[in-house]
Structure formats: structure tokens, C-alpha cells
Amino acid sequence: MTTDERIDAIAKTLEQATGVVAALAGTVAAHDRQIGALITATAELKATVAATSASVAELKATVSDLTREWQAYLRRIPPQ
């Protein structure tokens, strides 16, 4: 293989490597966007879970209060 053929082979290899690196860069950028979207979705989900937990706690308190009220009401009714 002559020097010119070697240079041509190296140039082709470099072009291929450049293409692969460019494709990888595009893939990395796409993954970065996906990771950013996942982080945003996770933060939103965390806020939703916190709000739901607060609602559940409030609902439990309301049910507990209603249970006490019903028990008090039922105790006032004479047995039949």
C-alpha cells in the first residue's frame, strides 16, 4: 500500500469517525432533552403526590370527625 493509499484510507476512516461522533452528539442531545423532561415530570409528580397526601390527610380527619358525630348521635337514640 502506497503512502497516498494509506492517507486516503486514514481520511476515509476519519470521515467515518466524524460521522459516528456527529450521530452520537445528536443522540446525547436528544437524551439530554429526555432527561430534562423526566426531571420536570418527576418534580410535577412529587408536587402532585404531596397535594394528594394532604388531601388524604384532610379526608381522614373529616371521616374521623363524622364518625365521632354519628357515634354521639346514635348514643342519644334510646335502644328499641
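Remember, predicted model here, so these are calculated numbers, not experimental data.

## Digging into the overall build of the protein chain
Thinking step 1. Along the protein chain, the regular secondary structure elements total 1 helix and 0 strands.
Thinking step 2. A burial count over the protein chain gives 0% of its 80 residues as buried.
Thinking step 3. Counting only carbon and sulfur atoms, one obtains 66% of the accessible surface of the protein chain, whose full area is about 7200 Å².
Thinking step 4. Treating the 8 positive side-chain charges of the protein chain as one cloud and the 9 negative ones as another, the clouds have centres 19 Å apart.

## Regarding the pattern of salt bridges
Thinking step 1. On inspection of all chains with the given rule, the structure shows 1 salt bridge.
Thinking step 2. Here Arg-68 ties to Asp-65 by a salt bridge, and the two come within 2.3 Å at their closest N and O atoms. Remark: Asp-65 and Arg-68 occur in helix 1 (residues 3-76); sequence separation between them is 3 residues, near one turn of the helix.

## Remarks on the environment of Ala-23
Thinking step 1. In this structure, Ala-23 sits in helix 1.
Thinking step 2. With 22 residues separating them along the chain, Ala-23 and Met-1 place their C-alpha atoms 31 Å apart.

## Description of a nonpolar patch on the surface
Thinking step 1. Taken together, the side chains of Leu-66, Trp-70, Tyr-73, Leu-74 and Ile-77 make up a nonpolar region of the molecular surface, amounting to roughly 510 Å² of accessible area.
Thinking step 2. Looking at the element boundaries, Leu-66 is found in helix 1.
Thinking step 3. Assessed through its relative accessible area of 41%, Leu-66 is described here as partly exposed.

## A few points about the packing of aromatic side chains
Thinking step 1. Scanning the model with the defined rule gives 1 aromatic pair in all.
Thinking step 2. Consider the rings of Trp-70 and Tyr-73, whose centres lie 5.7 Å apart with planes at 90°: the pair is edge-to-face. You can see Trp-70 and its partner Tyr-73 sitting in helix 1, 3 residues apart, about one turn around the helix.
Thinking step 3. Among the residues examined, Tyr-73 registers a relative accessible area of 40% and is labelled partly exposed.

About the cut-offs
- Residues numbered from 1 in each chain as written.
- Predicted model: local features only at pLDDT ≥ 70, side-chain atom pairs only at ≥ 80, totals over all residues.
- Heavy atoms only, no water.
- Helix = DSSP H or I, 4+ residues; strand = E, 2+ residues; numbered from the N terminus.
- Buried < 20%, exposed > 50% of the residue type's maximum accessible area, 1.4 Å probe, protein only.
- Areas by Shrake-Rupley, 256 points an atom, 1.4 Å probe, with all protein chains shown as cover.
- Lys, Arg positive; Asp, Glu negative; His and termini not counted.
- Charge placed at Lys NZ, Arg CZ, Asp CG, Glu CD.
- Salt bridge = Lys/Arg side-chain N within 4 Å of Asp/Glu carboxyl O.
- Patch = residues over 30% accessible without salt bridge, like charges linked within 9 Å, V, L, I, M, F, W, Y side chains within 5 Å.
- Phe/Tyr/Trp six-rings, centres within 6.5 Å; stacked < 30°, edge-to-face > 60°.

Function-wise, these values are silent; they only describe arrangement.
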